[in-house]
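Residue strings, one per chain:
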Amino acid sequence: MLQLTNVSVNYGRLKESVRTRLIEAGASATFTWGALSDRSDAYQSACRARLSGDGLAWDSGWVEQRVQELRYEGALPEGTPIALTLQIRDDAGEESELYTNVFYNASVKWKAGWIGAAEDEPGRTVYLRREFSIDRPVASATLYACGIGYQKLYVNGEAMDGAALDPATVDYSRTCQYVTYPDFAAHLKPGANCIGAMVGEGWRRNHLAKEQPGAGELNRPFAYAGQPAFTAMLRVTYVGGDTEWLYTDGQWQWGRGAHFSNDIFNGETCDANHASVGWSRPGFTGFAPAKTLKASGGRMRPMILNPVIEHKRWPVLSSWPVGENSVVLDFGQNLAGVLRVELPKLNKGQTIRLSHAEELNEDGTLFTEPLRSAQATDTYIASGDGRDLSVWQPIFTYHGFRYARIDGLGAGFDVRRVTAVELHTDLEIRSAFRCGDAQVTKIHELCVATERANQHHILTDCPQRDERQGWMNDATVRFEETPYNFDIGRMFPKLIRDIVDTQNADGAMTCTAPFVFGGQPADPVCSSFLVAGMQSYMHLGNKDILAEAFDAFAAWENCLLQHSDDYIVNYGYYGDWASPSYACSDDAMGDGAKSAVTPEVFMSTGYSYHNCRMLSTFAAALGRDADAKHWAEMAGKVRAALMDKWYDPAEAKLCTGSQACQVFGLWLGIIPEADAPRAVRRVHDELAASDYRFTTGNLCTRYLMDVLSRYGYLEDAWTLLTKQTYPSYGFMLQQEATTVWERFELKKNPGMNSHNHPMYGAVDYWFYAYLCGIRPTKPGYEEFEVAPVFPEKLMSAQAVVDTVRGEIAVRWTKRYGKLHLHVTVPFGTTAKVSFAGETHTAGSGFHVFSAPLE
Ligand code: BGC
């Protein structure tokens, strides 16, 4: 048996949904794959790809190579199916089953205008419609549509697909992403047809779009705010070959409807009394001509990122009454999404309110203060007649919540009619982790749930309060974790482009991308920009994104060098942020989250060094030898300056000698190896003497775990993870956490009190990369390391990583007096397994190692 798996085009995995089979036109298309084989030590000896489609017929022929990648150079037809056939031959000469699939070039030259409401009212949902007639048999049709902030499309009264919150959030003044529907012909019928588009405010206009009084001097109105607008192009190709185009223009009509108003933070109001029954079906009258609008200025690009979809519906776990006519629902899980309510028969004007919160007050009511100005309330107003919905689910908002309060449905309402619909970008893969310690396994589950709740076109900091930003400081460690748990193939390139969109001529990126909060230039700890490139390269083998963004990466580091005095970066904002509060300064910024023990400029300079190293690696990968040399030299200079300024060799002490300073230096590899035992000993001594009250923040807590494990203090790392008292993940669990918190304290104040914050979830990296020891050592997992660590009190651990080459599985157990290690190596890859003091080279297949337990 030889069968292809995890096939990707341009590093985006092809899945069932058509939305995962779209690519952007470029000079080439790259195909990568894994394979399932029943032989061991098997690898590819040759491969062949064929493409066929409108005017396209290409055959690579059998190419003799071990590399599981082929590239087609040339143009691809737009919008129509491109059939892909792949086949490989292994080293024993066996040919694989034929792999066939269909993908689409989603790009088109944009010719349509923008339209919107003739009478613009902030917060009001805009309904747009256009009728047209089909009078001949249709061969194919493609719709391209972009509504900013969000769109929901209908054809002849039916919703287009199950995607939510389309299209992807970007800085609309730089880029707009349109959704491509290549199979639109299936929605058409002979005679009159109608396309309807509801356009919501999304990130085009919400209450962050204006200055928030008191929100802090760094916060600013966003550049891409404006009137919600819509643009679309429909191409219909008839049998016989004639093609017709339909564009958004003054012939479209606009009006209002039941989904009356929306705000991504505040929630949505659905008022059945405003229903425009049949508005997206042919024959409806009652709307007025739409207004043509000025474009937002962004370059039109197809949305290639997987859409936000419904992940799961959560039933009510328990409920209790609060006051008259109100009930609180507990879904048992903190998540991002909306409620779905099967409505009973209602009276005219009857008003139902859904409020959301992640935590409760002591009396069982919703604790909403941490949401700050986000109202997170959805409202339904009944018409009491046939216009009422049978099922109500808000469309243009989402909330971060575990609890909800329903008002207005009366005491007798059956709460089983309500479910929580979890929504996030479709990045699921089959990775998994578990171990013999129930708490640690649970921490992993929290980390994954927290990631999920923060994947909405960008990777946000939190889903609930008036923020939801792509904070790039948090992401520097988070982006090392994400690729183990989720498919980053299309997400990371999108995030890199979002950051490039924020850059100034001098290379300065911004703290958040798109830019809403924080500063420009960003905090220098935002190496996430380059880390996203590095992870795309190592986890997927994506060199294209490195080539595309190399100059932008380099420009950011050059900007930091400009902001340096003799290679010491001279500014920083957050540094190693939000450590346990006893290690924070009482600086008011960010609710006292600045480190009192680790200077920001030290962190800034360390990341400047890290960037230089990454740039040197990227340049070498791209064959840019002079750049590779230049950045290696720059790394040497930054390191020399940093060590000169801050390192005390007699004490093996870096900067203040705080836990963060020591572990960051060791993690970066700038402390001489000979000094490492003394350097890490300082950290151990401090932890042991303080009952493991660590002082690291959002970045260095992760490094603390890595460094302790690497330099002989694995038991300290394990103690930190299994601890149950403050400060620890165990303490969060003791306090009912189902997602990871922003701070280690159980706070009551609203300042920084998110209970769904991925930055500390970056610890999940350690489970895969240390506890199970899986780390790619060559791009795209062609070679990887399996170097697990075995804490004394842990009896077993297991991880599965669903890589581009197929699944890597590692499982270890201590039983019957022995330590056992099982490793599954995907076809065509090699693992270097470190076990019991030896390193074994393992080809594909299943491997068993054992050693006596000491
Ligand atoms: C965000 C954090 C971020 C910080 C930087 C907070 O509001 O939620 O995740 O690191 O701002 O100031």
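Definitions and cut-offs
Residues numbered from 1 in each chain as written. Predicted model: local features only at pLDDT ≥ 70, side-chain atom pairs only at ≥ 80, totals over all residues. Heavy atoms only, no water. Helix = DSSP H or I, 4+ residues; strand = E, 2+ residues; numbered from the N terminus. Buried < 20%, exposed > 50% of the residue type's maximum accessible area, 1.4 Å probe, protein only. Contact = heavy atoms within 4.5 Å. Salt bridge = Lys/Arg side-chain N within 4 Å of Asp/Glu carboxyl O. Near = heavy atom within 4 Å. Polar contact = N/O pair within 3.5 Å; in protein donor to acceptor, adjacent residues only side chain to side chain. Areas by Shrake-Rupley, 256 points an atom, 1.4 Å probe, with all protein chains shown as cover. Nonpolar A, V, L, I, M, F, W, Y, C, P; charged D, E, K, R; others polar. pLDDT = per-residue confidence, 0-100. Expected span 1.5 Å × (residues − 1). Pairing = 2+ DSSP bridges. Axes fitted to C-alpha atoms, helices over the stretch in contact; angles between N-to-C directions. Parallel < 35°, antiparallel > 145°, perpendicular 65-115°, else oblique. Core = buried A, V, L, I, M, F, W, Y, C linked by side-chain atoms within 4.5 Å.

Undergrad: What is the right way to look at the overall build of the chain in this model?
TA: Of the regular secondary structure elements, the chain holds 13 helices and 50 strands. Principal axes of the C-alpha set define a box for the chain whose edges measure 85 × 70 × 60 Å. Within the chain, the proportion of its 854 residues that are buried is 64%. Within the chain, contacts between residues separated by at least 24 positions form 73% of all contacts whose residues are at least 6 apart in sequence.

Undergrad: Would you explain the environment of Ala-141 in this entry?
TA: Here Ala-141 is to be found in strand β13 (residues 138–148). When the C-alpha positions of Ala-141 and Tyr-238 are compared, they lie 8.5 Å apart, and in sequence the two are 97 residues distant. Leave out the neighbours within four places in its chain, and Ala-141 touches Tyr-181, Pro-182, Asp-183, Phe-184, Ala-185, Leu-188, Arg-235 and Val-236.

Undergrad: Sorry, what's going on with the pattern of salt bridges here?
TA: A pair can form between side chains of opposite charge whenever their charged atoms are brought close. Inspection of the entire model under this criterion finds 45 salt bridges. We note a salt bridge from Asp-551 to Arg-624, for which the minimum N-O separation is 3.2 Å. Of this pair, Asp-551 sits in helix α5 (residues 544–562) while Arg-624 sits in the loop between α6 (600–621) and α7 (625–646), and the two are 73 residues apart along the sequence. When its relative accessible area of 29% is taken as the criterion, Arg-624 is described as partly exposed. One connected set of salt bridges, linked through shared partners, spans Arg-372, Arg-465, Asp-466, Glu-467 and Glu-742.

Undergrad: How should the site of the ligand be read in this particular structure?
TA: Taken together, the neighbourhood of the ligand is formed by Asp-461, Arg-465, Glu-467, Trp-471, Asn-473, Asp-474, Tyr-574, Trp-577, Glu-742, His-757 and Met-759. At 2.6 Å from an oxygen atom of the ligand is found a side-chain nitrogen or oxygen belonging to Asp-461. Take Asp-474: an N or O atom from its side chain is 2.4 Å from an oxygen atom of the ligand. Surface burial for the ligand is 93%, taken as the share of its 310 Å² of free accessible area covered by protein chains. For the shell around the ligand, the per-class residue count stands at 4 nonpolar, 2 polar and 5 charged.

Undergrad: What exactly am I supposed to notice about the confidence of the model for the chain here?
TA: Detailed reading of the predicted coordinates is not advisable wherever pLDDT is low. Put simply, the chain has an average pLDDT of 96, and 98% of its residues get 70 or more. Here residues 211–219 is a poorly scored stretch, pLDDT under 50, and it has 12 contacts once near neighbours within four places are set aside; other chains count.

Undergrad: What should I look at first to understand helix α8 (residues 659–668) in this one?
TA: Helical geometry: 3.6 residues make up each α-helical turn, so side chains three or four residues apart lie on a common side. Across the 10 residues that make up α8, a large majority, 10, are buried. Within the span of α8, buried status applies to Gln-659, Ala-660, Cys-661, Gln-662, Val-663, Phe-664, Gly-665, Leu-666, Trp-667 and Leu-668. If you follow the buried residues of α8, they end up packed against α2 (472–485), α6, β42 (653–654), α9 (676–689) and α10 (700–710). One or two residues past the end of α8 sits Gly-669, with phi positive at roughly 75°.

Undergrad: It is not clear to me how α6 should be interpreted in this structure. Could you clarify?
TA: Relative to the 32 Å expected for 22 residues at 1.5 Å per residue, α6 spans 31 Å between its end C-alpha atoms, a close match to the ideal helical length. Counting buried positions along α6 gives 18 out of 22 residues, so the element sits mostly inside the fold. Of the residues one or two after α6, Gly-623 is the one with positive phi, at around 75°.

Undergrad: Any chance you could explain the sheet that holds strand β50 (residues 845–852) here in plain terms?
TA: The strand order β36-β45-β46-β47-β50 describes an open sheet built from 5 strands, whose pairing is antiparallel. Each having just a single partner strand, β36 (432–435) and β50 make up the two edges of the open sheet. Each strand of the sheet is rotated relative to its neighbour by a mean of 5°, with strand direction disregarded. The pairing of strand β47 (residues 818–825) with β50 spans 8 bridges and is classified as antiparallel. Considered in β50, the bridge of Thr-824 is made with Phe-846.

Undergrad: Would you explain the packing of α2 against helix α4 (residues 528–540) in this entry?
TA: A pair of packed helices can be characterised by two numbers: the angle between their axes and the separation between those axes. Orientation of α2 relative to α4, taken along the N-to-C sense of each, is 10°, at an axis distance of 8 Å. As the angle between them shows, α2 and α4 are arranged roughly parallel. Along the contact surface, α2 presents Met-472, Ala-475, Thr-476, Phe-479, Glu-480, Pro-483 and Tyr-484, while α4 presents Ser-528, Val-531, Ala-532, Gln-535 and His-539.

Undergrad: Can you help me understand the sheet that holds strand β49 (residues 838–842) in this one?
TA: Spatially, 4 strands are ordered β43-β44-β48-β49 in an open sheet, and the strand pairing comes out mixed. Both outer strands of the open sheet, β43 (774–776) and β49, are each paired with one neighbouring strand and no more. Each strand of the sheet is rotated relative to its neighbour by a mean of 20°, with strand direction disregarded. Here 4 bridges tie strand β44 (residues 783–786) to strand β48 (residues 830–835), and the two strands are oriented parallel to one another. Paired with Glu-783 across the bridge in β48 is Thr-830.

Undergrad: Would you mind going over the pairing of strand β6 (residues 56–59) with me for this structure?
TA: Successive residues of a regular strand alternate their side chains across the two faces of the sheet. In this sheet, β6 lies alongside strand β5 (residues 44–53) in antiparallel orientation, the contact comprising 4 bridges. Each residue of the ladder has a partner; that of Leu-51, found in β6, is Trp-58. Hairpin connection, β5 to β6: the antiparallel pair is bridged by 2 residues, and Gly-55 has positive phi, about 75°.

Undergrad: Sorry if this is basic, but what is going on with the nonpolar core here?
TA: Inside soluble globular proteins, nonpolar side chains tend to come together where they are buried. The biggest cluster of nonpolar side chains holds 228 residues, and the ones touching the most others in it are Leu-128, Phe-230, Leu-721, Trp-766 and Leu-771. Residues within four places of Leu-128 in sequence aside, it is in contact with Ile-115, Gly-116, Ile-195, Gly-196, Ala-197, Val-199, Phe-230, Trp-252, Gln-253, Trp-254, Trp-279 and Ala-290. Trp-314, Leu-343, Ile-352 and Ala-404 belong to the second-largest nonpolar core, a separate cluster that totals 26 residues.

Undergrad: Teacher, can you tell me more about the side chain of Thr-605 here?
TA: Within the element layout of this structure, Thr-605 appears in helix α6. At 2.8 Å, the side chain of Thr-605 forms a polar contact with the backbone oxygen of Val-601. Once residues lying within four places of it in the same chain are set aside, the contact partners of Thr-605 are Tyr-567, Ile-568, Val-569, Val-638, Leu-642 and Trp-646.

Undergrad: When you look at the packing of helix α1 (residues 438–452) against α2 in this model, what are you seeing that I'm missing?
TA: As a packed pair, α1 and α2 sit with axes 11 Å apart at the nearest point and diverge in direction by 95°. Taken together, the axes of α1 and α2 are roughly perpendicular relative to one another. Contacts between α1 and α2 involve His-444, Val-448 and Glu-451 from the former and Arg-478, Glu-481, Thr-482 and Asn-485 from the latter. For the contact of α1 with α2, the residue count by class is 1 nonpolar, 3 polar and 3 charged.

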